[in-house]
Amino acid sequence: MNDIQDIKGKDIRGKGTRRGGLIPDPGRIAPHVDKDWRDDFILELRLRDVPGDRIGDALMTVETHVVDSGESAQEAFGDAKGYAARIAEVAGRVRSSGVVTPAMVVGMVLGLVGMLLAARTFTSWLEGVPVAFTVGDVIGGVLLLALLAAILFTGVLRQLLERQWLALVVPPVLIGVLVGIFLLFAKPLLELPVAPAAIGALVLIVLSTVIAWNDGDGTDEITAPGTQPGNGIRARATSALVLPLMTLLLLGFTWVLHQVSG
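It should be emphasised that the depicted structure is a prediction, and the values quoted were computed from it without experimental measurement. (Residues numbered from 1 in each chain as written. Predicted model: local features only at pLDDT ≥ 70, side-chain atom pairs only at ≥ 80, totals over all residues. Heavy atoms only, no water.)

**Concerning the packing of helix H1 (residues 35-47) against helix H4 (residues 80-90)**
Step number 1: Running from N to C, H1 and H4 cross one another at 35°; their axes reach a closest spacing of 8 Å. Relative to H4, the crossing made by H1 is right-handed. From H1, Trp 37, Asp 40, Phe 41, Glu 44 and Leu 45 reach across to H4, where they touch Ala 80, Lys 81, Tyr 83, Ala 84, Ile 87 and Ala 88.
Step number 2: When its residues are assigned to classes, the contact of H1 with H4 shows eight nonpolar, no polar and three charged. (Axes fitted to C-alpha atoms, helices over the stretch in contact; angles between N-to-C directions. Helix = DSSP H or I, 4+ residues; strand = E, 2+ residues; numbered from the N terminus. Left-handed = near helix turned anticlockwise from the far one by under 90°. Contact = heavy atoms within 4.5 Å. Nonpolar A, V, L, I, M, F, W, Y, C, P; charged D, E, K, R; others polar.)

**Here we look at H4**
Step number 1: Among the residues of H4, Ala 80, Tyr 83, Ala 84, Ala 85, Ile 87 and Ala 88 are the ones counted as buried.
Step number 2: On the buried face of H4, the contacting elements are H1, helix H2 (52-69) and helix H3 (73-77). (Buried < 20%, exposed > 50% of the residue type's maximum accessible area, 1.4 Å probe, protein only.)

**Examining the pattern of salt bridges**
Step number 1: For the structure shown, the criterion picks out two salt bridges.
Step number 2: For Lys 35, the salt bridge goes to Asp 39, with nearest N and O atoms at 2.6 Å. A residue pair is termed a helical-turn pair when its members lie 3 or 4 positions apart in one helix, as Lys 35 and Asp 39 do in helix H1 at four residues.
Step number 3: Across the pair Arg 120 and Asp 137 runs a salt bridge whose closest N-O atoms are separated by 2.7 Å. Residue Arg 120 is found in helix H5 (residues 102-127), and its partner Asp 137 is found in helix H6 (residues 135-153); the two are separated by 17 residues along the sequence. (Salt bridge = Lys/Arg side-chain N within 4 Å of Asp/Glu carboxyl O.)

**What about the environment of Asp 137?**
Step number 1: Overall, the relative accessible area of 17% leaves Asp 137 in the buried class.
Step number 2: Spatially, the C-alpha atoms of Asp 137 and Phe 185 are 8.2 Å apart, while their sequence positions differ by 48 residues.
Step number 3: At 2.7 Å, the side chain of Asp 137 and the side chain of Arg 120 are in polar contact. (Polar contact = N/O pair within 3.5 Å; in protein donor to acceptor, adjacent residues only side chain to side chain.)

Set out below in structure tokens:
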């Protein structure tokens, strides 16, 4: 059987690249494979830095076998993570750069600092006071950078993805720790007028957006054999606009809190 035909002879090559949203659904390449198994398989391959076209090829192999044999993916290939590990040994990334690039790290750091600076500047503008930076700001910034480094370069990201309950626990705990730091170390170090601080925040966010856009050609879409990835414009735009949109949401939340408290 041709590996790009389903059991009824229907061509399924386009299913992996059809646009149903901002990010194509790789599950369309293997619709007969159990979703939980398929998701674990894709996640493990992504964490092991296997290119998208090779993930698509592996998914098609699993899909073809499941359709032809009537077996489930679990029965035929065993544990999804174990099978993904075996695939990754022979289908690893051939490009010199990995998923996390230096440009990506720089862009995320600039964007995060710009977002926090924008929130602090906006609050000061609403209150009619200069933008004050405290010892707590420095400690909190170092903590956030350390957390970002841990997520990007250690096994923390895998733990967060594999244990989704952590995604519910970590953010409120982190916010509580930061609030405590800001309250305990409130000694002012520096004050700036609102205008320069606002310009600085804007420059950082714009730089972060530009870097994310230029680095976005590595979106590495999962594609079925015989198909070509799309131009990635929407995926790149999504990646580039995440921090600006988060900044706007944070400013809006800040304004609401100021109105309520005022």
